[in-house]
Amino acid sequence: MAFWRGISENSISDHASNLLSTLSCFRSSAEFRPIIFIAHSLGGLVVMDALLSSRTSSEPHLRRILDCVRAILFLGTPHYGVALADTGRRLVGLVSLTAAKTNMKIVSVLQRDSEVLSRIQKGFHELLRSQQRDRTHALEITCCYEELPLIGNTVVVPRESAILRGYSAIGIHADHRGIARFASADDPGFISVLGELRRWTDKVAYADDHHDKELWDIEGKQSHDVLCGWECKRRGNDEGCRDASAGAITIWGDVTKSIIANGDHVIHGNLTFGGS
């Protein structure tokens, strides 16, 4: 995601809200399609804040965005800010492609003691922990950091700010602008980024195929064995039933369309459960 094509007075949260709304509009005909974000520089902060807004939104179509996100590739995102105010101004100027005017709202966010930056990081890490705790799909995350200075001897976003602890980190032999601009398909940085994207898309494709097969298997067992056994028991007639003891089934995955008979109980779906 690239932002600030022209300088505006919008804050990070304004850009995040705009991203969320626009993305939802573009996905109106494919709202369940998986999402992989590639976010350069300040765009990474916008993506993170957008996902926090999605998580707490009262609108189902906006909440669905977070549910569909499978991975995020951060390219030189200043997760923990930058040390100097002039570095922050330089960063905003680079991303906006003009140094003539600087959005001071954005510069203030980049200070390491920024309340906005702290809110985004705290909220995003809580989001990741909640996904692990609730055993929902965990986001795949890779952080790429620049290895070369852009001007003078200063790296715009140092490694310690560009990575998230506990997640993959890749160094790219380029400056802050070049980290997202590769000379050719043989560029080592491009090869590294492409490898991550291929790994993620393969996982998404496998998960989708496996999920479809899983639902097909569940529906077949549900209609044949379990419901047959449950119905025989309900009538008090075990004769002629292929397996009158049926009445339990083990389910793997997210059962979104199911009516499972278990003994004398009917369990309706949108559950993740197991048993025998």
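Residues numbered from 1 in each chain as written. Predicted model: local features only at pLDDT ≥ 70, side-chain atom pairs only at ≥ 80, totals over all residues. Heavy atoms only, no water.

We now examine the pattern of salt bridges. Scanning the model with the defined rule gives seven salt bridges in all. Arg-119 is the salt-bridge partner of Asp-49, the closest N and O atoms lying 2.9 Å from each other. Of this pair, Asp-49 sits in helix 2 (residues 43-56) while Arg-119 sits in helix 6 (residues 115-134), placing them 70 residues apart in sequence. Relative accessible area serves as the criterion here: at 40%, Arg-119 is assigned to the partly exposed category. Arg-129 is paired through a salt bridge with Glu-126; the nearest N and O atoms lie 3.3 Å apart. Of the two residues, Arg-129 and Glu-126 are both situated in helix 6; the distance of three residues between them amounts to about one turn of the helix. Overall, the relative accessible area of 44% leaves Arg-129 in the partly exposed class. (Salt bridge = Lys/Arg side-chain N within 4 Å of Asp/Glu carboxyl O. Helix = DSSP H or I, 4+ residues; strand = E, 2+ residues; numbered from the N terminus. Buried < 20%, exposed > 50% of the residue type's maximum accessible area, 1.4 Å probe, protein only.)

Assignment of secondary structure puts Leu-110 in the loop between helix 5 (104-109) and helix 6. Along the chain, Leu-110 and Val-82 lie 28 residues apart, while their C-alpha atoms are 5.9 Å from each other.

Quick look at helix 2 now. When the terminal C-alpha atoms of helix 2 are compared, their 20 Å separation across 14 residues agrees well with the 20 Å that a helix rising 1.5 Å per residue should span. Judged by how many residues are buried, helix 2 sits mostly within the fold: eleven of 14 residues are covered. Those residues of helix 2 not exposed but buried are Gly-43, Gly-44, Leu-45, Val-46, Val-47, Met-48, Asp-49, Ala-50, Leu-51, Leu-52 and Ser-54. Where helix 2 is buried, its residues contact helix 1 (12-26), strand 1 (35-40), helix 3 (60-68), strand 2 (69-75) and helix 6. (Expected span 1.5 Å × (residues − 1). Contact = heavy atoms within 4.5 Å.)

Right, let's get into unusual backbone geometry. Positive phi, normally seen in glycine, also occurs at Ser-41, with a value near 55°. Within the secondary structure, Ser-41 is located in the loop between strand 1 and helix 2.

Following the criterion strictly, the structure yields one aromatic pair and no others. Arranged with centres 5.8 Å apart and planes meeting at 65°, the rings of Phe-182 and Phe-190 form a pair that is edge-to-face. By relative accessible area, Phe-182 is classed as partly exposed at 26%. Residue classification places Phe-190 among the partly exposed residues on the basis of a relative accessible area of 28%. Seen from the ring of Tyr-145, Arg-159 lies directly overhead, with NZ or CZ sitting 5.0 Å from the centre. (Phe/Tyr/Trp six-rings, centres within 6.5 Å; stacked < 30°, edge-to-face > 60°. Lys NZ or Arg CZ within 6 Å of the ring centre and 35° of its normal.)

Turning to the environment of Thr-142, a few remarks are in order. Positionally, Thr-142 belongs in strand 3 (residues 140-146). Separated by 21 residues in the primary sequence, Thr-142 and Ile-163 have C-alpha atoms spaced 8.2 Å apart. Once residues lying within four places of it in the same chain are set aside, the contact partners of Thr-142 are Ile-72, Leu-73, Phe-74, Ser-168, Ile-170, Glu-196, Arg-199 and Trp-200. Polar side-chain contacts of Thr-142 include one of 2.5 Å to the side chain of Glu-196. (Polar contact = N/O pair within 3.5 Å; in protein donor to acceptor, adjacent residues only side chain to side chain.)

The next thing to look at is the side chain of Ser-114. Looking at the element boundaries, Ser-114 is found in the loop between helix 5 and helix 6. When its relative accessible area of 9% is taken as the criterion, Ser-114 is described as buried. Within polar-contact distance, the side chain of Ser-114 engages the backbone nitrogen of Leu-117 at 3.1 Å. Residues within four places of Ser-114 in sequence aside, it is in contact with Ser-108 and Val-109.

With that out of the way, let us pick up the confidence of the model for the protein chain. Across the protein chain, pLDDT averages 75, with 63% of residues at or above 70. Contacts from residues 242-276, a stretch scored under 50 in pLDDT, to residues over four places away or in other chains number 73 contacts. (pLDDT = per-residue confidence, 0-100.)

With that settled, the discussion passes to the sheet that holds strand 1. Strand order across the open sheet formed by four strands is 1-2-3-4, with parallel pairing between neighbours. The open sheet terminates on both sides in strands that have one partner only, identified here as strand 1 and strand 4 (168-172). Each neighbouring strand pair of the sheet contributes to a mean axis angle of 15°, computed without reference to strand direction. Of the strand pairs in this sheet, strand 1 and strand 2 are connected by six bridges, and their pairing is parallel. Residue pairing for strand 2: Ile-35 is matched across the bridge by Val-69. (Pairing = 2+ DSSP bridges. Axes fitted to C-alpha atoms, helices over the stretch in contact; angles between N-to-C directions.)

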